[in-house]
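# Examination of the molecular architecture
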Amino acid sequence: MKRILVVGGANGIGLSIATEMALRPETEKVYVVDKAPLAPERCLEKMEAFEFDLTSPDYAFFDRFQDIDALMITAGFGRLALFRDIPEQHIIDSFNVNTIATIRLIKHFYHLLEGSRDFYCGVMVSISGFMSSPFFAIYGATKAALKIFIESVNVELEKGGSSNRILNVSPGSIKGTSFNQGKTDLDITRPLACDIIAHLEQKDDLFIPQYEEVFKNVLQRYHDDFRAEGRHSYDYKLSSGRMKK
């Protein structure tokens, strides 16, 4: 990967991935696109930053990045709250940014994905897209849609003869990011960013961090009894102190 576009790269895991790529000798350019500005002290020599609102109706802005050989989409947001407490506008915004923007971006660069050249594409999804997630009903729904979309398109790419794939990165909670009002700490996020880049380079189609340690058992419990696991998830979030009942 020599020229990578990171959408949502001004902070969090997106910034961490952009930073790691920009530090590589073989990298020529890292384009960072985000609604928020990239802090000057975060902008390395090989980075070029752009500001763009993913809810915009016109994606012609992305026509300028036809020289890329990698696309990493990390834009997204969520809010831990009961569904009854979620404003309707939050529902609309969540799907527009988390789901529709990702699908539109992949559509915009799909000719590179299905082409004969190597093209690397990854999306930050979420483990909440694999199971019920009380207090995260809207966020989980936006990510579940991405999961099925990615799996379906990867089959189309395979059957179409392309070796390129979309990587679904589905972690649990990530420490050191600005998600849920936190602050970006690149020292904390660096190992995960490096793992994501490695899976991206291998053209893997799924990467669940801490799968063996944590999520293999969680997913099995969900498969065995999704109602019981949903109740367990509800109680776990309450006891975490991150929200009030």
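Scope of this entry: the structure provided in the associated data block. Because the structure is predicted, anything quoted here is derived from the model rather than measured.

What counts as what
- Residues numbered from 1 in each chain as written.
- Predicted model: local features only at pLDDT ≥ 70, side-chain atom pairs only at ≥ 80, totals over all residues.
- Heavy atoms only, no water.
- Salt bridge = Lys/Arg side-chain N within 4 Å of Asp/Glu carboxyl O.
- Helix = DSSP H or I, 4+ residues; strand = E, 2+ residues; numbered from the N terminus.
- Buried < 20%, exposed > 50% of the residue type's maximum accessible area, 1.4 Å probe, protein only.
- Axes fitted to C-alpha atoms, helices over the stretch in contact; angles between N-to-C directions.
- Parallel < 35°, antiparallel > 145°, perpendicular 65-115°, else oblique.
- Left-handed = near helix turned anticlockwise from the far one by under 90°.
- Contact = heavy atoms within 4.5 Å.

## Here's the deal with the pattern of salt bridges
The final tally for this structure, using the stated rule, is 11 salt bridges. For Asp67, the salt bridge goes to Arg3, with nearest N and O atoms at 2.7 Å. Taken together, the positions of Asp67 in the loop between strand S3 (47-51) and strand S4 (70-73) and Arg3 in strand S1 (residues 3-7) put the pair 64 residues apart, joining distant regions of the chain. Put simply, Glu151 and Lys147 hold a salt bridge, and the shortest N to O gap is 2.9 Å. Here Lys147 and Glu151 lie together in helix H4 (residues 137-159), a separation of four residues that amounts to about one turn. Taking the relative accessible area as the measure of exposure, Glu151 reaches 39% and is therefore partly exposed. By relative accessible area, Lys147 is classed as buried at 16%. Sharing partners across several salt bridges, the network here consists of Arg3, Glu28 and Asp67.

## Regarding the packing of helix H2 (residues 88-108) against H4
Between H2 and H4, the least distance of the axes is 9 Å, while the angle of their chain directions is 15°. As judged from the angle between their axes, H2 and H4 are roughly parallel. Of the two elements, H2 crosses H4, and the hand of that crossing is right-handed. Where H2 abuts H4, its residues Ile91, Ser94, Phe95, Asn98, Thr99, Thr102, Ile103 and Ile106 lie against Ile138, Tyr139, Ala141, Thr142, Ala145, Leu146 and Phe149.

Function cannot be inferred from these measures alone, as they are strictly geometric.
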